[in-house]
Amino acid sequence: MEQLKPARNRRREEYRNAPVNGFGDLDARLCLVGLAPGAHGANRTGRPFTGDGAGDFMYPLLHEAGLSSQAESVAVDDGLSLQGLYITNAVKCLPPDNLPHASEFANCRRYLAKELKELKKLRVVIALGQAAHVSLLRLFREQGAAGRMADHPFGHGTRSRLGNGLWLLSSYHTSRYNVQTGRITREMFRDLLAQARMLARGENG
């Protein structure tokens, strides 16, 4: 496995600075969609939520839920694999100032649509953060699977059954800030994963 230098010791030109593709189980019933590659995470390592605080929080809980082969995600070649889960982002490249503009969501939406289409057994899409939630709804509206945005409000644990048969389940982002401020906790994310797996089994709760 390649030993990556800590982010603080790397120059910008050493980073990927290129699109970061999703990864995981193509037979997955669950797909987790984040915002965009982290400046010192996926933009550095080349894999979503790898090498940053959001992933440090999330992967141990995915492993605990049986969705990840290991609890730590540090490099693209660290041996981690996903079972029953696919992970990607709404925006594929590091955005300016680490904050995507509406045009970037729009430009990347066709790539997200292609990824979701390839997941033939998909049942539940987890939107990680409000921006991902909104971008997914815009995509599903374009496809005729969702109505007014107001009919699908964002909130941690909110869910909507879409016209294409999928469930859209929303979560607060697992960013370091949200974790440190208690906006999201391990127990909250555990409960969300349990709800996602229940919906994937066809149980509405």
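*Asks:* Let's hear about unusual backbone geometry: which residues, and what values?
*Replies:* Of note, the phi angle at Phe49 is positive, near 55°, even though the residue is not glycine. With respect to the helices, strands and loops of the structure, Phe49 is situated in the loop between α1 (42-45) and α2 (53-64).

*Asks:* So, the packing of α2 against helix α6 (residues 186-200): which residues are in play, and what are the values?
*Replies:* It is the contact of α2 with α6, at a shortest axis distance of 10 Å, that shows an interaxial angle of 45°. With respect to α6, the axis of α2 lies oblique. Here the hand of the crossing between α2 and α6 comes out right-handed. On α6, the residues touching Phe57, Met58, Leu61, Leu62 and Glu64 of α2 are Arg186, Phe189, Arg190 and Leu193.

*Asks:* Can you tell me about the packing of helix α3 (residues 102-118) against helix α4 (residues 130-142), naming the residues and giving the values?
*Replies:* α4 packs onto α3 with a crossing angle of 70° between their chain directions and a minimal axis gap of 10 Å. Relative to α4, α3 is oriented roughly perpendicular. Note on element contacts: α4 touches α3 through Ala131, Ser135, Leu136, Arg138, Leu139, Phe140 and Glu142, opposite Phe105, Arg109, Leu112, Ala113 and Leu116. Here the residues of the contact of α3 with α4 sort into eight nonpolar, one polar and three charged.

*Asks:* Describe the side chain of Thr50, naming the residues involved and giving the relevant values.
*Replies:* Among the secondary structure elements, Thr50 is positioned in the loop between α1 and α2. Separated by 2.8 Å, the side chains of Thr50 and Ser73 make a polar contact.

*Asks:* Requested: an account of the sheet that holds strand β1 (residues 23-24), with residues and values cited.
*Replies:* Spatial strand order, β1-β3-β2-β4-β6-β5: six strands in an open sheet with mixed pairing. Strands with a single pairing partner mark the edges of an open sheet, and in this sheet they are β1 and β5 (159-161). Contacting β1, β2 (30-34), β3 (85-89) and β4 (124-128), α2 runs over the sheet at an angle of about 165° to β3. In this fold α4 packs onto β2, β4 and β6 (167-171), with an angle of close to 140° to the strand it touches most, β4.

Criteria and thresholds
Residues numbered from 1 in each chain as written. Predicted model: local features only at pLDDT ≥ 70, side-chain atom pairs only at ≥ 80, totals over all residues. Heavy atoms only, no water. Helix = DSSP H or I, 4+ residues; strand = E, 2+ residues; numbered from the N terminus. Axes fitted to C-alpha atoms, helices over the stretch in contact; angles between N-to-C directions. Parallel < 35°, antiparallel > 145°, perpendicular 65-115°, else oblique. Left-handed = near helix turned anticlockwise from the far one by under 90°. Contact = heavy atoms within 4.5 Å. Nonpolar A, V, L, I, M, F, W, Y, C, P; charged D, E, K, R; others polar. Polar contact = N/O pair within 3.5 Å; in protein donor to acceptor, adjacent residues only side chain to side chain. Pairing = 2+ DSSP bridges.

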